[in-house]
Amino acid sequence: MSNLGNFVLIGLSNGLIYSVVAICIVLIFRSTRVINFSQAALAMFSTYVAVSLIDRGVPYYLAFLIAVIFGFIAGALIERFLMRRVESKSPLNAVIVAVGVLITLEAMAGVIWGATLRNFPSHFSLIGIKIGKSRLGISPFDIFILVVVLVLLGALVFLFRYTKLGMMMRASAFAPEVARLLGVRVGRMLTLGWALAGAGGAVAGMLAAPRVFLFPNNMDAVLVFAFTAAIIGGLDSPVGALVGGLIMGVSLSLIGGYLGSDLENPGAFLILVVVLMARPQGLFSSISERRV
Amino acid sequence: MMSNSIMENSTLIADEVTVRFGGLVALDRVSLNANLGEVHGVIGPNGAGKTTLFNVLCGFVKPSSGKLTYFGNEVKTLRPEQLSKMGVSRTLQGLGLFSRMTVLENVMIGGTSLTKVGPFRSLLGAGATVTEEARIKDLALSVIADLGLSPFTKRLPPSLPYAIQKKVALARALVLSPKFILLDEPASGLSNVEMDELGDLILGLSKNLGVLLVEHHMDLVMRVCSTITVLDFGRVIANGNPSEIRANPIVTQAYLGEDVTI
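The rules behind these values
- Residues numbered from 1 in each chain as written.
- Chains lettered and ligands numbered in written order.
- Predicted model: local features only at pLDDT ≥ 70, side-chain atom pairs only at ≥ 80, totals over all residues.
- Heavy atoms only, no water.
- Helix = DSSP H or I, 4+ residues; strand = E, 2+ residues; numbered from the N terminus.
- Rg over C-alpha atoms; globule rule 2.2 N^0.38 Å.
- Buried < 20%, exposed > 50% of the residue type's maximum accessible area, 1.4 Å probe, protein only.
- Contact = heavy atoms within 4.5 Å.
- Areas by Shrake-Rupley, 256 points an atom, 1.4 Å probe, with all protein chains shown as cover.
- Lys, Arg positive; Asp, Glu negative; His and termini not counted.
- Charge placed at Lys NZ, Arg CZ, Asp CG, Glu CD.
- Patch = residues over 30% accessible without salt bridge, like charges linked within 9 Å, V, L, I, M, F, W, Y side chains within 5 Å.
- Salt bridge = Lys/Arg side-chain N within 4 Å of Asp/Glu carboxyl O.
- Pairing = 2+ DSSP bridges.
- Axes fitted to C-alpha atoms, helices over the stretch in contact; angles between N-to-C directions.
- Phe/Tyr/Trp six-rings, centres within 6.5 Å; stacked < 30°, edge-to-face > 60°.
- Disulfide = S-S within 2.5 Å.
- Domains from an automatic or database assignment.
- Buried area = accessible area lost by both parts, 1.4 Å probe.
- Polar contact = N/O pair within 3.5 Å; in protein donor to acceptor, adjacent residues only side chain to side chain.
- Nonpolar A, V, L, I, M, F, W, Y, C, P; charged D, E, K, R; others polar.

**Quick word on the overall build of chain B**
Check the secondary structure of chain B and you find eleven helices and ten strands. For 262 residues, the compact-globule estimate of 2.2 N^0.38 gives 18 Å, and the C-alpha radius of gyration of chain B, at 19 Å, lies within 12% of that figure. Projected onto the principal axes, the alpha-carbon positions of chain B cover approximately 60 × 45 × 40 Å. Counting every position in chain B, which comprises 262 residues, the buried fraction comes to 54%. Within chain B, counting contacts between residues at least 6 apart in sequence, those at least 24 apart form 65% of the total.

**Here's the deal with the overall build of chain A**
Looking only at helices and strands, chain A has eleven helices and two strands in total. In chain A, the order of α-helices and β-strands from amino to carboxyl end is α-α-α-α-β-β-α-α-α-α-α-α-α. Here the C-alpha radius of gyration of chain A, 19 Å, is about what a compact globule of 292 residues would show, namely 19 Å. For chain A, the residues scored as buried account for 55% of the 292 residues in total. In chain A, once contacts between residues fewer than 6 apart in sequence are set aside, the share between residues at least 24 apart is 75%. For chain A, the computed accessible surface area is about 12600 Å², with 70% contributed by carbon and sulfur atoms. Counting 21 positive and 11 negative side-chain charges, chain A places the centres of these two groups 8 Å from one another.

**Details of a positive patch on the surface**
On the surface, Arg185(A), Arg188(A), Lys85(B), Lys116(B) and Arg135(B) cluster together to form a positively charged patch. Note on placement: Arg135(B) falls in helix H6 (residues 127–146).

**Some details on the sheet that holds strand S10 (residues 235–240) of chain B**
Residue and element names in this part refer to chain B. Read across the open sheet, the six strands follow the order S6-S7-S8-S3-S9-S10; overall the sheet is mixed. Each end of this open sheet is capped by a strand with a single partner; those strands are strand S6 (88–90) and S10. Ignoring strand direction, the axes of neighbouring strands in this sheet form an average angle of 20°. Strand direction decides the pairing type here: S6 and strand S7 (residues 180–184), joined by three bridges, are parallel. If you follow Ser89 over to S7, its bridge partner there is Ile181. Running over the sheet, helix H7 (residues 162–174) touches S6 and S7 and is turned about 155° from S7.

**Here we look at unusual backbone geometry**
Residue and element names in this part refer to chain B. The backbone of Phe71 sits at a positive phi, close to 50°, despite the residue not being glycine. Tracing the backbone through its elements, the reader meets Phe71 in the loop between strand S4 (65–70) and strand S5 (73–74). Phi at Glu185 is positive, roughly 50°, even though this residue is not glycine. Counting through the fold element by element, Glu185 comes out in the loop between S7 and helix H8 (192–205).

**Section: the packing of aromatic side chains**
All names here are of chain A. Tallied over the full model, the rule gives 16 aromatic pairs over all chains. On the numbers, 6.1 Å between centres and 40° between planes, the contact of Phe141 with Phe144 is tilted. In this pair, Phe141 and Phe144 both sit in helix H5 (residues 140–162), three residues apart, roughly one turn of the helix. In terms of burial, Phe141 and Phe144 fall into one category: buried. Taking 6.0 Å as the distance between ring centres and 40° as the angle between the ring planes, the aromatic pair formed by Phe158 and Tyr162 counts as tilted. Pair noted here: Phe158 and Tyr162 are both in helix H5, with a separation of four residues, about one helical turn.

**Examining the interface of chain B and chain A**
How big an interface is tends to be reported as the loss of accessible area on association of its parts. Taken together, the contacts link 30 residues of chain B with 30 residues of chain A. For the pair chain B and chain A, the number of links is three salt bridges. Every element with two or more residues in the side of chain B that touches chain A is listed here: helix H3 (80–86), helix H4 (103–109), helix H5 (119–123) and H6 of chain B. At four residues, H5(B) tops the list of elements feeding residues into the side of chain B that touches chain A.

**As for the pattern of salt bridges**
On inspection of all chains with the given rule, the structure shows twelve salt bridges over all chains. For Arg170(A), the salt bridge is made with Glu105(B), and the minimal N-O distance between the two is 3.3 Å. Residue Arg170(A) is found in helix H6 (residues 164–174), and its partner Glu105(B) is found in helix H4; the two belong to separate chains. Both residues of the pair, Arg170(A) and Glu105(B), belong to the buried class. Residues Glu81(B) and Arg79(B) are paired through a salt bridge, measuring 3.2 Å at the closest nitrogen-oxygen approach. For Glu81(B), a relative accessible area of 9% translates into the label buried. Judged by its relative accessible area of 34%, Arg79(B) falls in the partly exposed class. Members of the salt-bridge network, linked through shared partners, are Glu177(A), Arg180(A), Arg79(B) and Glu81(B).

**Overview of the state of the cysteines**
Considering all chains together, one arrives at zero disulfides over all chains under this definition. There is no disulfide at Cys225(B), and the cysteine sulfur nearest it, in Cys58(B), is 19 Å away.

**Overview of the domain arrangement of chain B**
Residue and element names in this part refer to chain B. Split by domain assignment, chain B resolves into domain 1 (1–87 + 178–261) and domain 2 (99–177). With centres defined by C-alpha atoms, the gap from domain 1 to domain 2 works out at 26 Å. Taken together, the contacts link 18 residues of domain 1 with eleven residues of domain 2. Carbon and sulfur atoms supply 66% of the area buried between domain 1 and domain 2, which totals about 1100 Å² over both sides. For the pair domain 1 and domain 2, the interface holds one salt bridge. Here Glu197 makes a salt bridge to Lys167, at a shortest N to O gap of 3.1 Å. Counting the contacts that link domain 1 with domain 2 gives four residue pairs in polar contact (both at pLDDT 80 or more). Contributions of two or more residues to the side of domain 1 that touches domain 2 are made by H3, S7 and H8. Counting residues per element, the side of domain 1 that touches domain 2 draws most heavily on H8, at four residues. For the side of domain 1 that touches domain 2, the class distribution of residues is nine nonpolar, three polar and six charged.

Pasting the structure below:
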């Protein structure tokens, strides 16, 4: 198969992971207007929890599930006990607290598990699938990523589109005061939003770890890519975040493949700058008057 | 003559409520006594404190002093979502509809206080959630049908005529079967025919619940209200039935320079 095809496939696979993190960023931004910079650290921390369980002989899928539950609870606790205190203040306060959480979690991971690179055992082969004589750019693990992300997205769409709980969360995000008037306990909806983002982060962390190795700030680059993806998608559109993640994945894969992997990070920033200059409201935002 | 406790149980009482925003006194010892089964109007020139009074009554604004008693319970410290649970509903000046949710979804949100299953349990898909949702959906659909909104169930509010959107906002406030409903300028933006229809609707509602009405259209106020409280500069300047209010020179004086005929 041609290089181009393989680069695109690898890019799509990575892009799915960026999409998950981007969707989590959007989930929180929509309801609180805060960019959750601690998203990456929460993902990394949950992944460490999983790997220490796997080291102790816990089966992969169970460890995966526990990591997701850990992310869910950690997200809820961060909202309830930290973010809630700065909720009524300027958004800058919340951003600073989120960055504080990021640094704290990364430092704690270093203290608990050691600040060294470690290999994350992949449950699936990372070697490309062979069709005839040529090897594809996607491995069984990529298929696993695709399935997990699709299940996650399906669950989120179901929650927000078809359940009363999802309606209440959307109402709280759209007009918290009106929602409160109608009896919605907006505070709980925010906690739930952070919990879901924490769980989503854990999924992203588990999916990213076999490729990027595991160390306390292994998800930082993913955060930058996902943040760019969320901006491309307009910051308040989950579909936009999904597409933004895929665009980022493919673009970075092409940049890395043809120009050298050193250029991936500068490439991400270049894309961010171009999007902000050409279409600051993002490609999918319904809020046309927003300016960054 | 009703005994005192029964009267208290069927009323919403504001007693000497004062609200200060910094140095500004928005409400100055305002008292008001609204009963089930009647329409109580709150009128006054712009900036008189009508909306602030509503904000106090529904829990958005905590009074600096004074007492609020609903159905015999003191409620000054309750939040809007708790008052909603007690049976106090409110529509907003303007619409306050969720523009990206369908009419049905908007009305269903109004039934939130009826949910007993908490969000975290609900996330696990507990069976109770499913039955509960079905129940709230049925309730919402029946209120929608009562108000003649059935053809618009799946539409998004911005795509509907303004008068219909107003009815959706009303349906959303009614789905809980509240004991009291606070209507903030329900007639703004309506035509004369639509306003007559609204008047009939309000009179119909008041058979089963208490209605508090803030409104600028005096024809409507005089037609539907049994009691009217007049505010000016945050103070109650008059209180009485429509003919008393109409004949009160202080009220006419307060409205001088405003384009309103009482």
